[in-house]
Structure formats: structure tokens, C-alpha cells
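# Chain and residue survey
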Amino acid sequence: MKKIYFIRHAKAAQKDYENDFERDLNERGKKDLALMCDRLKKHKVRVDAIFSSPAKRCAKTASKMADAVKFKGKIEFIDMFYEASVSDMLEFIRGLDDRLNSVFIVSHNDTITEICELLSDAVIGNIPTCGIFCIEFECSFKDIKEHSNRALFFDYPKKHKD
């Protein structure tokens, strides 16, 4: 069984940035990220590879989550993720090395939500910031089919707040 954990970056500052690429995490984003990292630790999640958009908010999210799951490898930053279409993302996934069994993909909305709905049997509507949507499938990455893979879980910070 293969798993892909699709992760939307943590909440980022909206103001004081002329360049969207450089937007950093805000205080809520940092707190939400700590919560979601604790959730990954609690469930003893392990991954073979982490792929992330190089945008600052994604890079920081990926780095903290890598620490949380004790990932020993190097995060691979994929430039295309910053403005990827769903077809770009699907092509990337189908090109993954089949020696990998479990991967994180850290990216942006709307693409992250749309690829999860395309690949899974779920209707999500929106993956909130710092949300994690995990899909499991029984084929090689190159053979992954649309709407035929099982959603294992969907977790996000507001699920755990009063």
C-alpha cells in the first residue's frame, strides 16, 4: 500500500509582503503547525520522501513536519508546486519513484484540494491551512487512477479547537 499525505501550508501573514512567495507564517500558523506536528507524532507517521513548494510558508511547514516525523532525508523543493495546476500535480505524482511508499506533498490551495478530490473517493470542498489529507492506494504511482483511491483521513487544526 502506498500513501500520499497532501498538506496545505500553515496560515501565512497577509500584509506587509510585496512578494507572495516570501509570505511567512503568522502566529496562528505557527500554533496550528505545532498542533498538527503533535498529531503526526501521536499517530507515528513515517515518510520516505517530502516534496514541497519552495514558497517560504510551505518550506517552513515542510521543515517542521519533517522534524515531527523524524524524517532523516532532505526535503525536495519543487518549483512547479508554487503555481501548479492539477494536471501538473498529477503528472508529478505519476512520476514518483515506486521504491517510495509514503510521501508528503506540501503545497497550496486550490490545487491541493482539487488533486485530493480527483484522486480520492471524497468530496472535501476546501483543505484549510495546515490541513492534512491522506490517500492510500494499491498500485504503482504511475498507475494511479482518478476517483479510485481510499481517503484514509482528513485532519486540520479547527477540528481540535473549541
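Attention here is on the structure that accompanies the text. (Residues numbered from 1 in each chain as written. Predicted model: local features only at pLDDT ≥ 70, side-chain atom pairs only at ≥ 80, totals over all residues. Heavy atoms only, no water.)

What follows concerns the environment of G95. Within the secondary structure layout, G95 lies in the loop between α3 (86–94) and β4 (102–107). Separated by 45 residues in sequence, G95 and S140 place their C-alpha atoms 9.8 Å apart. (Helix = DSSP H or I, 4+ residues; strand = E, 2+ residues; numbered from the N terminus.)

Attention now moves to the packing of aromatic side chains. In the structure shown here, the tally under the stated rule is eight aromatic pairs. With 5.0 Å between their ring centres and 75° between their planes, F21 and Y82 make a pair best called edge-to-face. On the criterion of sequence distance, the pair formed by F21 in the loop between β1 (2–8) and α1 (27–42) and Y82 in the loop between β3 (76–77) and α3 is long-range, its members being 61 residues apart. For Y82, a relative accessible area of 22% corresponds to the partly exposed category. An angle of 50° between the planes, with centres 5.0 Å apart, marks the rings of F154 and Y156 as tilted. With relative accessibility at 24%, the residue Y156 sits in the partly exposed group. By the ring-pair criterion, three or more aromatic residues cluster together here, those being Y5, F104 and F153. (Phe/Tyr/Trp six-rings, centres within 6.5 Å; stacked < 30°, edge-to-face > 60°. Buried < 20%, exposed > 50% of the residue type's maximum accessible area, 1.4 Å probe, protein only.)

Keep in mind these values describe shape, not function.
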